[in-house]
Number of protein chains: 4
Amino acid sequence: MAERLGVAIVGVGGAVATTAIAGIEMIKAGSNSLDGLPLADRDVAGMVPYRDIVFGGWDLTGDTLGDCALRHGVIGKAELADGAAALNDMRPWKAAGSTGYCANIDGSNKLEGGHRGVVKQIQDDLRRFREEKSLDRVVVVNLASTERVPNAGDAALRSREAFERGLDEDDAAISPAMLYAYAAIDADTPYANFTPSVAADIAPLADFAAERNVPVAGKDGKTGQTFMKTVIAPALRDRALHVDGWFSTNILGNSDGLALDDPKSLQSKLGTKGSVLNSILGYPVEDHIVMIHYYRPRGDDKEAWDNIDLTGFMGQKMQLKLNFLCKDSILAAPLAIEIARCLDLAKQRGEGGVQEQMGLFFKLPQTKGGEPVHSFPEQQLILDTWLGGKRA
Amino acid sequence: MAERLGVAIVGVGGAVATTAIAGIEMIKAGSNSLDGLPLADRDVAGMVPYRDIVFGGWDLTGDTLGDCALRHGVIGKAELADGAAALNDMRPWKAAGSTGYCANIDGSNKLEGGHRGVVKQIQDDLRRFREEKSLDRVVVVNLASTERVPNAGDAALRSREAFERGLDEDDAAISPAMLYAYAAIDADTPYANFTPSVAADIAPLADFAAERNVPVAGKDGKTGQTFMKTVIAPALRDRALHVDGWFSTNILGNSDGLALDDPKSLQSKLGTKGSVLNSILGYPVEDHIVMIHYYRPRGDDKEAWDNIDLTGFMGQKMQLKLNFLCKDSILAAPLAIEIARCLDLAKQRGEGGVQEQMGLFFKLPQTKGGEPVHSFPEQQLILDTWLGGKRA
Amino acid sequence: MAERLGVAIVGVGGAVATTAIAGIEMIKAGSNSLDGLPLADRDVAGMVPYRDIVFGGWDLTGDTLGDCALRHGVIGKAELADGAAALNDMRPWKAAGSTGYCANIDGSNKLEGGHRGVVKQIQDDLRRFREEKSLDRVVVVNLASTERVPNAGDAALRSREAFERGLDEDDAAISPAMLYAYAAIDADTPYANFTPSVAADIAPLADFAAERNVPVAGKDGKTGQTFMKTVIAPALRDRALHVDGWFSTNILGNSDGLALDDPKSLQSKLGTKGSVLNSILGYPVEDHIVMIHYYRPRGDDKEAWDNIDLTGFMGQKMQLKLNFLCKDSILAAPLAIEIARCLDLAKQRGEGGVQEQMGLFFKLPQTKGGEPVHSFPEQQLILDTWLGGKRA
Amino acid sequence: MAERLGVAIVGVGGAVATTAIAGIEMIKAGSNSLDGLPLADRDVAGMVPYRDIVFGGWDLTGDTLGDCALRHGVIGKAELADGAAALNDMRPWKAAGSTGYCANIDGSNKLEGGHRGVVKQIQDDLRRFREEKSLDRVVVVNLASTERVPNAGDAALRSREAFERGLDEDDAAISPAMLYAYAAIDADTPYANFTPSVAADIAPLADFAAERNVPVAGKDGKTGQTFMKTVIAPALRDRALHVDGWFSTNILGNSDGLALDDPKSLQSKLGTKGSVLNSILGYPVEDHIVMIHYYRPRGDDKEAWDNIDLTGFMGQKMQLKLNFLCKDSILAAPLAIEIARCLDLAKQRGEGGVQEQMGLFFKLPQTKGGEPVHSFPEQQLILDTWLGGKRA
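The rules behind the values
Residues numbered from 1 in each chain as written. Chains lettered and ligands numbered in written order. Predicted model: local features only at pLDDT ≥ 70, side-chain atom pairs only at ≥ 80, totals over all residues. Helix = DSSP H or I, 4+ residues; strand = E, 2+ residues; numbered from the N terminus. Buried ≥ 20, exposed ≤ 12 C-beta atoms within 10 Å, placed from the backbone. Contact = placed C-beta atoms within 7 Å. Nonpolar A, V, L, I, M, F, W, Y, C, P; charged D, E, K, R; others polar. Domains from an automatic or database assignment. Least-squares fit on C-alpha atoms with pLDDT ≥ 70 in both. Pairing = 2+ DSSP bridges. Axes fitted to C-alpha atoms, helices over the stretch in contact; angles between N-to-C directions. Left-handed = near helix turned anticlockwise from the far one by under 90°. Parallel < 35°, antiparallel > 145°, perpendicular 65-115°, else oblique. pLDDT = per-residue confidence, 0-100.

Draft legend 1. The overall build of chain A, seen in detail. Counting secondary structure elements, chain A contains 13 helices and 12 strands. Here the C-alpha coordinates of chain A stretch approximately 65 × 50 × 45 Å along the principal axes. Looking at chain A as a whole, 60% of its 392 residues qualify as buried. Taking the intrachain contacts of chain A between residues at least 6 apart in sequence as the baseline, contacts between residues at least 24 apart amount to 77%.

What follows is the structure, given as structure tokens:
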């Protein structure tokens, strides 16, 4: 009999999560194609089929996922009445939250009981999820809103011992994302960070994952503008077209955009976007500007505009402009699904710690210590080699 | 002592050729950087340094290369008075021409004497070039204007014997580009086709090159829009974003644009542009439209506008638009230079026939028989592997 | 009691017509705002309110307007089940057609009986329409597919006498659009030409309209790219920015686009698009290129891309680019409605012949003889003056 | 004999000023066309010909205008060696400056002596300028860098009496721009404000100008993005296309951009840009975002990108995008010249106080009290009516 994978999502009521769940439910119902799923054409032993994925998860809202989805406006009433009807009966589990870490997002469906209490309840949720749904394995994927960057001096984030002590003392330096990552690793459950938040990438948790041999990966899903940047920059390097400047601006009107109206959350986001170019090109691009604007007329649609100033042969100047009219959750949801499948494959293969071969899914790929590869074609080659299967 | 490579250019008075020559002369004079030269950062044994390249070539105009360059408007008086002064003393050798094959381009500096006579004079030119300039080796690169597509039924293009007979009989089916290719191969001189014209890619000449073990490569330099297409399409495939349509339009005002005003030459050009997408994506893109317009206000500047219609997860539609304000000759000249260096490297390594590893330089890569690789990142990997050197 | 205006549409099953009818029906039902209706904010005595408009018309298809609308994809099942339900019961009257004049469009719902017979049936339709719907007045608006340009030498189009003789002899030079225009004028019914087809603008019919004092107006609705061109060009003239070139390209995938795949229909279309610039700027723009491409992924959505090359002070070059992602029928339908209302107002005011003040609705405004005004702001001022009312 | 007009420029060493002066000198020398000069085609009695304009002015730098121009990079060595050679001999007069009002701009060529002393020296400069150059009349145009917005509560800016007292007491609330405006009005010399700085538009100075019947006009030259905005918005209003949002972003790399890196100067700039849309459309655009970024690769070239979200008939959404690759000083310089000529014409006609008919030159047109007209076509009509002459 087919093995069943449970995917427990942090932020299960969000736009990306509800889109991912609706999409998989519609595939089960036969009303969705495999368009947009990057690994749909691979035949890899052990990789869970889309139809055998079961979802659950935490959120600060207690509304049904159907109501959440309608609010986001990515899927509509037609889908919820048909292939995605399952969402109408799904309700989030109580979630960990901290307005200190994410100012614009709060809710009433909240876990209480201090850090240790929250960790225990998360682990209880994972156990109950596995039992009630007769799952063979479970992974955790964090799709919650962006948290602010931790303070540089936070003592609790420096070592395993300090972190454990911080848990005991309910240290405010430990964010909700870290609590989920800790709980998952401690419960031998793979964890991926699709948000820019700091989680399994702090030293104490990365070490913990390696020690327990639990796969972890992150961070910040590479969807629209940064994806295109890591596609184009390697080619400019290979053609020796010097990048004098790269101006990137984004407009979007979903709740992700609203969260980024908090300057502290924006800082996390820009941090993961900025480091990409210099790494690929091998020299610093002095005028690399990245802007994100909350602009309501677009809703979940997102528009990116990039202008690249180039110097070519004989010192001559050229310009390349990109305009991407994309849909945030539509690009993100299939990546979240593939991340879950890859984490699970690593777990089955007995490969723990940071999963570097999953770098192509992330704006800021977590590594075991070295510099990350940012070039998308190189990342794809690395993943293809690891997967080992053939394209259909 | 350093070895010296001669590069004999078909169409030496053109915009790409004069830009390439001026650029190398300015590098020799210390007044040009290596920006835009794709292989400047490689350290490969046997590859000729830029400073050791010497240029010559044929053209239907007899004007000095300095006068030609001023007409094209890519480099100006300042460069010709300084680093590129050598162009003022260079004059094209008499060239093969056929208004039947390229309607809008003609001139007075023309070789006479029938096909066999023209071939002999081309070979005499190559010999004299080598002696007068004390060259160690010579390669031929075709940068002339686009010729029309040969007629499907042309008997002379079917076999070696028929081709030789066509030479004897001055068969009009044999184009100037074919005469240059034949002359070069017969003189053990590598030949590359930077134009869309049919030359060493007809069966008789491809066989001839393999038999004589002479490196040949082509065709149609991949510079602006098609380059970007082969950069972006593989990434769309890897993210499973389905391409519903790709509309590409170009405006340019140089003599290349004028030649393309001849519908027969345009047909050659569009032929090399069209086949790329389906090959990379693995399915036919039904609405793939490519337009080129002669538009005088731009001169040698070229603007490409691409619109890509995509279907992603849940069948949702997205659009990606590119706008490339580039300079035709500035992108093409360094490729022509690298092609010459790679041909010469193959020659030194004793590798003859079609050089498949050079596919990244061309819109329609010539192969030994199989389907060409069009994906730019895959092409780059193939070349890098062949080169074997390290990036600086 | 309110007066009722009947609008009889040539091509009533088309995308523009069904959108206009659905929009007005939805306004009657309270489920559509007045967005997009240019004269909604005017208070002009005698102008018929939107709610008092009643539609009918001819088409080569005999399908219900509901079925036609679903095929065009501008409005959907939701509208047809609700505010626009009336379309489900409306069927086109039999229409005049000529594959000689419009190659790609034909149908079975066709009038027979020779030119005189067709004219009589059109007039019978108008009479029956007025009686059955208790209408106070009727106007005819031509929204049918573009016909080819008539041949320059067609004798029947030279004078009233020749035209009448052509009607008697079923001369093939007389197109369907001319038959509708003749029938309307002869029946004292105002006629407007929203298509690029030649109709009331041939001398015999323009004279006829003046003689009978029947309002006529045309031609070719000014919706997307040409509208923007006539908005921007006057400002460039006023700032003395010299237009060196203007490159315009369009992609669209509706049946209008398909009709334009017939090169003869395209010629009509480009004719109305081309003359605009020189007239506004006062000098010839030598590089003015206009392209239209049928591109299926877009359906009724239309995308225009314009590039304008400018010379400013000190001879310096600049570029202005426009990218308009618009919807053809959504822009056109409200213009067709306002044209009907203005024609009717002219009729009530006793003003017959060519209605020059309606020029802002058309790409190629019909005049009484002089050169047309193309500048949109000047056209708007002329209409506002004629209307005489205040903006709300 | 022809009458000569002196134009005394505040910020004469800046990019706009040196471009204007070079352009006029080159017209005198016969090496510049009249392209880009909006009123070159008018024949208006009393309007000073371009050749009869003489320039002088103040700047915090003491370098020759030739050196200043080279630094800005708008005109080059070729122009300075030829038609614009006069700039090499021109040096700015000592200027009023306040780092409190313009943080990023300072210099050594500075007037001392308190407010009253500065005013007296400015007036001495005007007198000396007129005598030395045998001028018939003089006007002052402010082209200096943007000053910050004054504080709301500044007592000195509330009334004439308070302002005079502020002058006596060297009140820091009185900015350099106000000193120039006061000095000019008091010396019966017309004054225009091409910058966003607050100057003749504070009540005490507007009253002063009316009382003395001295023409004043302002403020903030309407060149690129705002110009296009006021061209397009009226047309969207006239077609009843509802503007849901308008996102405008700018990149530029000249010293104007650097000045705007001071958030207080940026605030002045955005203030003049923001109010335009609502005024033209007649309703508030809730998502109107305007961004300006200092981006070095562009130098004086400026790129504006606008995205307009529209709702049309049947509530359907459309998008219009503009991309303007313009040159800041090339657009601004001719406006500054025409402003000087119009001010002088008003002076000759005996029309003092705020010149409302000059509104088309400004982003935030100064009025006698009412709401300003922002629509560019309406502004053009108002100016044309006032000028009264014919177009050539």
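Draft legend 2. Summary view of the interface of chain B and chain C. If you look at the interface, chain B gives 16 residues, while chain C gives 16 residues. Looking at the side of chain B that touches chain C, the elements that each hand over two or more residues are strand S7 (242-252), strand S8 (287-294) and strand S9 (301-311) of chain B. Looking at which element gives the most residues to the side of chain B that touches chain C, the answer is S7 of chain B, with 5 residues. In the side of chain B that touches chain C, the residues fall into 7 nonpolar, 4 polar and 5 charged.

Draft legend 3. Representation of the domain arrangement of chain A. Annotation of chain A at the domain level lists domain 1 (5-221 + 330-391) and domain 2 (225-327). If you average the C-alpha positions of domain 1 of chain A and of domain 2 of chain A, the two centres end up 25 Å apart.

Draft legend 4. The relation of the copies chain B and chain A, seen in detail. Under the fitted operation, chain B is carried onto chain A by 0.0 Å of movement along the axis and a turn of 180°, and the coordinates agree to an RMSD of 0.1 Å. Seen this way, the second copy is the image of the first under a two-fold rotation axis. Within chain B, Leu 322 of chain B has its C-alpha nearest the rotation axis, a separation of 2.4 Å. When the interface residues of chain B are mapped onto chain A, 100% of them again fall at the interface, so both copies present the same face.

Draft legend 5. Here's a closer look at the interface of chain B and chain A. Contacts between chain B and chain A engage 42 residues on the former and 42 residues on the latter. Elements supplying a minimum of two residues to the side of chain B that touches chain A: helix H1 (15-28), helix H8 (225-238), strand S10 (317-327), helix H12 (328-348) and helix H13 (376-387) of chain B. Counting residues per element, the side of chain B that touches chain A draws most heavily on S10 of chain B, at 10 residues. Looking at the side of chain B that touches chain A, its residues break down into 24 nonpolar, 13 polar and 5 charged. Where strand S10 (residues 317-327) of chain A meets S10 of chain B, 7 bridges bridge the pair, whose relative direction is antiparallel. Note that in S10 of chain B the partner of Asn 323 of chain A across the bridge is Lys 321 of chain B.

Draft legend 6. Spatial organisation of the packing of helix H1 (residues 15-28) of chain D against helix H2 (residues 65-72) of chain D. Residues and elements named next belong to chain D. Relative orientation of the contacting elements H1 and H2 amounts to 115°, with a least axis distance of 9 Å. Considering how the two elements wind past one another, H1 and H2 form a crossing that is left-handed. Contacts between H1 and H2 involve Ala 15, Thr 18, Ile 21 and Ala 22 from the former and Leu 65, Cys 68, Ala 69 and His 72 from the latter. Along the lines of polarity and charge, the residues of the contact of H1 with H2 split into 6 nonpolar, 2 polar and no charged.

Draft legend 7. Representation of the relation of the copies chain B and chain C within the structure. Least-squares fitting of chain B to chain C yields an RMSD of 0.0 Å, with the superposition described by an axial translation of 0.1 Å and a rotation of 180°. Mapped onto chain C, 100% of the interface residues of chain B again fall at the interface, so both copies present the same surface.

Draft legend 8. Expanded view of helix H7 (residues 203-212) of chain C. Residue and element names in this part refer to chain C. All buried positions along H7 are accounted for by Pro 204, Leu 205, Ala 206, Phe 208 and Ala 209. Where H7 is buried, its residues touch helix H5 (160-168), helix H6 (176-186), strand S6 (215-218) and strand S11 (353-354). Of the residues trailing H7, Asn 213 is marked for its positive phi of about 60°.

Draft legend 9. The arrangement of the arrangement of the chains in detail. No interface is formed between chain A and chain C, the nearest pair of C-alpha atoms being 11 Å apart. The smallest C-alpha distance separating chain B from chain D is 11 Å, and no contact links them.

Draft legend 10. Inspection of the sheet that holds strand S4 (residues 137-142) of chain C at higher detail. Residues and elements named next belong to chain C. On the basis of which strands lie adjacent, the open sheet formed by 6 strands has the order S3-S1-S4-S5-S6-S11 and parallel pairing. The sheet is open, and its two edges are formed by strand S3 (53-58) and S11, each paired on a single side. Strand direction decides the pairing type here: strand S5 (residues 191-193) and S6, joined by 3 bridges, are parallel. Counted as the bridge partner of Ala 192 is Ala 217 from S6. Against the sheet, helix H4 (residues 114-132) makes contact with strand S1 (5-10), S3 and S4, and its axis sits at roughly 145° relative to S1, the strand it touches most. Where helix H12 (residues 328-348) meets the sheet, its contacts fall on S1, S4, S5 and S6, and the angle it forms with S4 comes to roughly 135°.

Draft legend 11. Up close: the environment of Thr 146 of chain D. Secondary-structure assignment places Thr 146 of chain D in the loop between strand S4 (137-142) and helix H5 (160-168). Each C-alpha atom of the pair Thr 146 of chain D and Met 291 of chain D lies 16 Å from the other, and the pair is 145 residues apart in sequence.

Draft legend 12. Local environment of the sheet that holds strand S3 (residues 53-58) of chain A. All names here are of chain A. Taken together, the 6 strands give an open sheet; going across it, the order is S3-S1-S4-S5-S6-S11, and neighbouring strands pair in parallel fashion. Two strands in the sheet have a free side with no partner beyond their single neighbour: S3 and strand S11 (353-354). In terms of strand pairing, strand S6 (residues 215-218) meets S11 through 2 bridges, oriented parallel. Pairing of Val 216 across the sheet is with Val 354, part of S11. Packing of helix H12 (residues 328-349) onto the sheet brings it into contact with strand S1 (5-10), strand S4 (137-142), strand S5 (191-193) and S6, and relative to S4 it is tilted by some 135°.

Draft legend 13. View of the packing of helix H4 (residues 114-132) of chain A against helix H6 (residues 176-186) of chain A. All names here are of chain A. Relative to each other, H4 and H6 sit at 55°, their axes nearing to 9 Å. Between H4 and H6, the crossing angle belongs to the class labelled oblique. For the pair H4 and H6, the crossing hand works out as right-handed. Between H4 and H6, the contacting residues are His 115, Val 118, Val 119, Ile 122 and Gln 123 on the first element and Leu 179, Tyr 180, Tyr 182 and Ala 183 on the second. Class assignment of the residues belonging to the contact of H4 with H6 gives a composition of 7 nonpolar, 2 polar and no charged.

Draft legend 14. Structural view of the pairing of S4 of chain A. Residue and element names in this part refer to chain A. Most of S4 is tucked away: 5 of the 6 residues are buried. Bridge analysis of S1 against S4 gives 6 bridges, and the strand direction is parallel. Looking across to S4, one finds that Gly 6 is bridged to Val 138.

Draft legend 15. Region of the structure containing unusual backbone geometry. The amide bond that connects Gly 218 of chain B to the next residue, Lys 219 of chain B, takes the cis arrangement and shows omega of -5°. By the element assignment, Lys 219 of chain B lies in the loop between strand S6 (215-218) and H8. Residues other than glycine seldom take positive phi values, yet Asn 213 of chain A does so here, at roughly 60°. If you trace the backbone, Asn 213 of chain A turns up in the loop between helix H7 (203-212) and S6. One non-glycine residue with positive phi stands out, namely Asp 170 of chain C, at about 50°. Residue placement: Asp 170 of chain C occurs in the loop between H5 and H6.

Draft legend 16. Geometry of the confidence of the model for chain A. When pLDDT is averaged along chain A, the result is 90; 92% of the residues meet or exceed 70. With pTM at 0.92, the complex prediction returns an ipTM value of 0.93.

Draft legend 17. Main features of the environment of Ile 339 of chain C. Here Ile 339 of chain C is to be found in helix H12. Ignoring sequence-local partners within four residues, the contact set of Ile 339 of chain C consists of Val 141, Ala 192, Phe 194, Ala 217, Met 358 and Phe 361 of chain C.

Draft legend 18. Spotlight on the environment of Leu 37 of chain C. Tracing the sequence through the fold places Leu 37 of chain C in the loop between helix H1 (15-28) and strand S2 (42-43). Note on Leu 37 of chain C: 23 C-beta atoms within 10 Å, which makes it buried. Leu 37 of chain C sits 13 residues away from Tyr 50 of chain C along the chain, and the two C-alpha atoms are 9.8 Å apart. Residues contacting Leu 37 of chain C, with those up to four places away along its chain left out, are Pro 334, Ile 337 and Glu 338 of chain C together with Ala 240 and Phe 313 of chain D.

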